[in-house]
Amino acid sequence: MREGVENKALPCLDKNITCDILIIGGGVAGLSTAYFLSQENSKNIVLIDKDVCGSGASSKNTGKLTYMQGLVYHKIAQNYTVNEAKKYLQSQIEAISIAKEITTKHHIDCNLEKTTACIFSLDANDKDKFIRERKFYEENHLECSSISKLDINFPIKFGIKTEDSYRFNPYKFLVGLKNYLTSQIKIYEKTRCIETKREGNYYLSKLENGKVIKSNFLVVATQYPFFVMPYFTPFKTTVEKSFIVCGEHEIKDFQAISEGKPTFSFNFYNDKKKYLVYSRRSHSTTNNLDTRDDYREITSEYQKYFSQSPTYYFQNHDLMTYDYLPFIGKIDKNNMYVLTGFNKWGNTNGLIGGKVISDLITKGKSPYEKIFCPQRSISFLKIKNLMVYNFQTAYRYLLNKVSSNQSYYDKNVQITNIKGKKCGIYIDEKGQKHIVSNICPHLKCNLVFNYVDKTWDCPCHASRFDIDGNIINGPSVYTIKLNNDNND
């Protein structure tokens, strides 16, 4: 919730500058990286954000700070070993401590409060998996108990719970952290980077307005890195979109998430009003292209279970990795770092990621360096997941090339060719036509129209544009306006 929170806009960078460390991205990962670097007395740090810090995906989530993230530790142990699973658990517990420390030390009012966390299942066949996961928690000295119901009108088969997770308002937290950092580093907003390259001992980051930032170190903390090389992000990950609704409801002292697909997620938020936050309909952006179906189903479910219509609705995108671990670390032989692929757990992974990057830059090492390394080793299970991810994206790319997806469009939306260019047309309530290119500038996938948000969305890698072609989310760094040469 953003009501009553003042997020003071900062200036756009309108000149060439030089700095020691450039951080691209003002979400939880970028701001956390800046925070820890500033605590190490690193000089001349610059952070830029394409919009306003804290206003992107980092602020549009259910507000959980927990290490209970489905049956993730069993899955990590399958891909690697139990030791790697333990290391990931330690990182998430440390991330919660970081949030508590920053909030207390800098007096950030973000409604942080301790709560029970639950994982539950709707499938009786999952019981053995839950027994293994509970044993893992207990072996790591975490109190864990079994449950057979939730303190809310929602049916489950069984589950497990712990008592030491937290919830908060991520937007308030990010604004508070940004306000503190303005006295420690240079922050520029409405400043979009469109290209980076190595030249000599420096990185040159070109901005949308033609200006250049020269830096010794480069940290890319965007949700989806805007470059293809040197990291090959499109081929190592997939993008999932999730749908979140909330409405007024009495507060319960728990948060919960289901195992498996479809995923159900609950949390509560207590400020001037009390809300139940409900997330559902999570799936790859390559599937279920008509967002109206997701909107109808999630609002219908909310009304069914909680006897009321939701007050707020929004969708979010998350970058999913092939092995359930984020990509945090160095991605070239020099001084370029990335934080991405948080698998829907950006609050904790963004916080610990900032600490990891700071440690790598200032100390040359981190206890989590190996498990988060973007170039970590491959296994059979990871190869299988990679093949599934890439097949889904390739299938959608090819299907879009031979089909206009016109079947679910109405008279207000058209896909057509204009002077040899494939275009999308949206006709608004006043009858005005908004004409844009229908090709995503990132990797040339055809766009689909999102009726709920009135946007053009890329089903391959989740770039989003408004009806006039302006960028809402990357990885695209170019608009889809017809006068944009990068759409040719």
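Right above here is the structure, for reference.
Residues numbered from 1 in each chain as written. Predicted model: local features only at pLDDT ≥ 70, side-chain atom pairs only at ≥ 80, totals over all residues. Heavy atoms only, no water.

Draft legend 1. Spotlight on the side chain of D126. Secondary-structure assignment places D126 in the loop between β4 (113-121) and α4 (127-139). Its relative accessible area of 10% is what places D126 among the buried residues. Once residues lying within four places of it in the same chain are set aside, the contact partners of D126 are S121, F158 and E259. (Helix = DSSP H or I, 4+ residues; strand = E, 2+ residues; numbered from the N terminus. Buried < 20%, exposed > 50% of the residue type's maximum accessible area, 1.4 Å probe, protein only. Contact = heavy atoms within 4.5 Å.)

Draft legend 2. Inspection of the pairing of strand β12 (residues 254-258) at higher detail. Burial analysis of β12 places five of its five residues in the buried class, the great majority of the element. Side chains F254, A256 and S258 of β12 all project onto a buried face; the interleaved residues Q255 and I257 project onto the opposite face, where all are buried too. The pairing of β4 with β12 spans five bridges and is classified as parallel. Paired with I119 across the bridge in β12 is I257. Relative to strand β13 (residues 265-270), β12 is paired through two bridges, and the arrangement is antiparallel. Following the sheet pairing, I257 is matched in β13 by S265. Hairpin connection of β12 to β13: six residues between the antiparallel strands, including G260 at a positive phi of 85 degrees. (Pairing = 2+ DSSP bridges.)

Draft legend 3. Quick peek at the pattern of salt bridges. This model, assessed by the stated rule, comprises 17 salt bridges. Here K75 and E259 are joined by a salt bridge, their closest N and O atoms 3.0 Å apart. With a gap of 184 residues between them, K75 in helix α2 (residues 72-79) and E259 in the loop between β12 and β13 connect regions that are remote in the sequence. In this structure E259 comes out as buried when scored by relative accessible area, which is 14%. In this structure, E138 and R134 form a salt bridge, with 2.9 Å as the shortest nitrogen-oxygen distance. Within this pair, E138 and its partner R134 are both found in helix α4, separated by four residues, close to a single helical turn. E138 gets classed as partly exposed once you look at its relative accessible area, which sits at 39%. The partly exposed category is assigned to R134, whose relative accessible area is 26%. Linked through salt bridges whose partners overlap, the residues forming this network are D151, E250 and K252. (Salt bridge = Lys/Arg side-chain N within 4 Å of Asp/Glu carboxyl O.)

Draft legend 4. View of the sheet that holds strand β22 (residues 455-457). Pairing within the open sheet is antiparallel, and its four strands lie in the order β21-β22-β23-β24. Single-partner strands in this sheet number two, and they are β21 (448-450) and β24 (471-473). Ignoring strand direction, the axes of neighbouring strands in this sheet form an average angle of 35 degrees. By the bridge criterion, two bridges tie strand β23 (residues 464-466) to β24 in an arrangement that is antiparallel. Bridge assignment links F465 to a residue of β24, and that residue is I471. (Axes fitted to C-alpha atoms, helices over the stretch in contact; angles between N-to-C directions.)

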